[in-house]
Amino acid sequence: MLKNVKDDYSGWLVIGGLAVLLLEILFFNSGLIFSLFFSGMLIYLGRRKSGRKSGRFLFFTGIIFLLISVFSMMTFKFLLLAILLHFIIQYSNSKKKPHKLSLEIKETDQTPQEETLVVSKPLFENILIGGQKTPSAVYEWNDINIQSGIGDTIIDLSYTVLPKGETVIFIRNIIGNIQIQIPYEIEVSVHHSCIVGSTTVLENHQSRIFNQVFHLKTAGYDGAEQKVKIFSSLLVGNLEVTRI
């Protein structure tokens, strides 16, 4: 039992990181909470005024202050050191006790057949900074599964033909807005997680969200032939799911 606990490097890493963060806030850097809160407020206000020059100034100022605060944290340096030590220990253990694989070959009467794989071009790519939007003309649909850093994602389903069954949209974003437009005849289910922001899902509107997770779906979703399931997560930003 004790050996299993000692081998759980990830668990000890999390516990050590939380302990160092608590010590840093209480004894070494009491202004850390204010710095992170101030940076978050600048980013949020910048997103709210994204169409103005003042909004862009507040947004990028908040990003700069946030990066400076994170990189100067003792906890951040501890985590980098702990991750480095973790990989060193894993590498050392692999050298001392290499993992052995045994190969068992069985003869079969059937000749194996090559399986054909179809490669399709995704609609969106993983990006660090920048927005993405579906074409404003007819396009071929492919399920979406992306991760983004900073930027907006806009999906208009009125210019494509969705297949029968369940269509999946999976978006993870740090800072930005997600806007999804769905035809009236399509049923929809939304799983959303957000730290700070707002949501509008059809007729349901929440102007202020803080560290919440929720699930909404239309009444006819379970029995529908065509339906869209949306998974989204935001650190800071707004989700808008509307009919078109």
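Rules used throughout
- Residues numbered from 1 in each chain as written.
- Predicted model: local features only at pLDDT ≥ 70, side-chain atom pairs only at ≥ 80, totals over all residues.
- Heavy atoms only, no water.
- Helix = DSSP H or I, 4+ residues; strand = E, 2+ residues; numbered from the N terminus.
- Contact = heavy atoms within 4.5 Å.
- Salt bridge = Lys/Arg side-chain N within 4 Å of Asp/Glu carboxyl O.
- Buried < 20%, exposed > 50% of the residue type's maximum accessible area, 1.4 Å probe, protein only.
- Core = buried A, V, L, I, M, F, W, Y, C linked by side-chain atoms within 4.5 Å.
- Pairing = 2+ DSSP bridges.

A. Region of the structure containing the overall build of the protein chain. From N to C terminus, the protein chain includes 5 helices and 9 strands. Overall, the protein chain shows an N-to-C arrangement of helices and strands of α-α-α-α-α-β-β-β-β-β-β-β-β-β. Once local pairs closer than 6 in sequence are excluded, the contacts in the protein chain between residues at least 24 apart make up 62%.

B. Examining the side chain of T167 more closely. In this structure, T167 sits in strand 5 (residues 165-175). Excluding residues that lie within four positions of it along the chain, T167 makes contacts with W141, D143, L162, K227, V228 and K229.

C. Region of interest: the pattern of salt bridges. Counting across every chain of the model gives 3 salt bridges. Of the charged contacts, one joins E225 and K164 as a salt bridge, the two residues approaching to 3.5 Å between their closest N and O atoms. Pair noted here: E225 is in the loop between strand 8 (204-217) and strand 9 (226-243) and K164 is in the loop between strand 4 (153-156) and strand 5, with a separation of 61 residues, a long-range link. Summarising the burial analysis for this pair, E225 and K164 share the class exposed. D222 is the salt-bridge partner of K217, the closest N and O atoms lying 3.1 Å from each other. D222 gets classed as exposed once you look at its relative accessible area, which sits at 54%.

D. Molecular detail of the nonpolar core. Counting residues in hydrophobic clusters, the biggest one holds 25 residues, and the most contacted among them are I155, I169 and I230. Listing elements by their share of this core, those giving two or more residues are strand 3 (144-150), strand 5, strand 6 (178-182), strand 7 (187-201), strand 8 and strand 9. Residue contacts for I155: discarding those within four places in its chain leaves F124, T134, W141, I144, I169, I171, Q179, I180 and Q181. Membership of the second largest hydrophobic core comes to 7 residues, among which are I43, F59, I150 and V236.

E. Fine view of the pairing of strand 8. Summarising the sheet, strand 7 and strand 8 pair through 11 bridges and their orientation is antiparallel. Bridge pairing in strand 8 places T200 opposite H205. Hairpin connection between strand 7 and strand 8: a loop of 2 residues separates the two successive antiparallel strands, and L202 in this loop has a positive phi of roughly 55 degrees.

F. The arrangement of the pairing of strand 6 in detail. Summarising burial for strand 6: 4 of the 5 residues are buried, a large majority. In this sheet, strand 6 lies alongside strand 4 in parallel orientation, the contact comprising 4 bridges. What sits directly across from I154, in strand 6, is Q179. The pairing of strand 6 with strand 9 spans 5 bridges and is parallel. Residue pairing for strand 9: I180 is matched across the bridge by V241.

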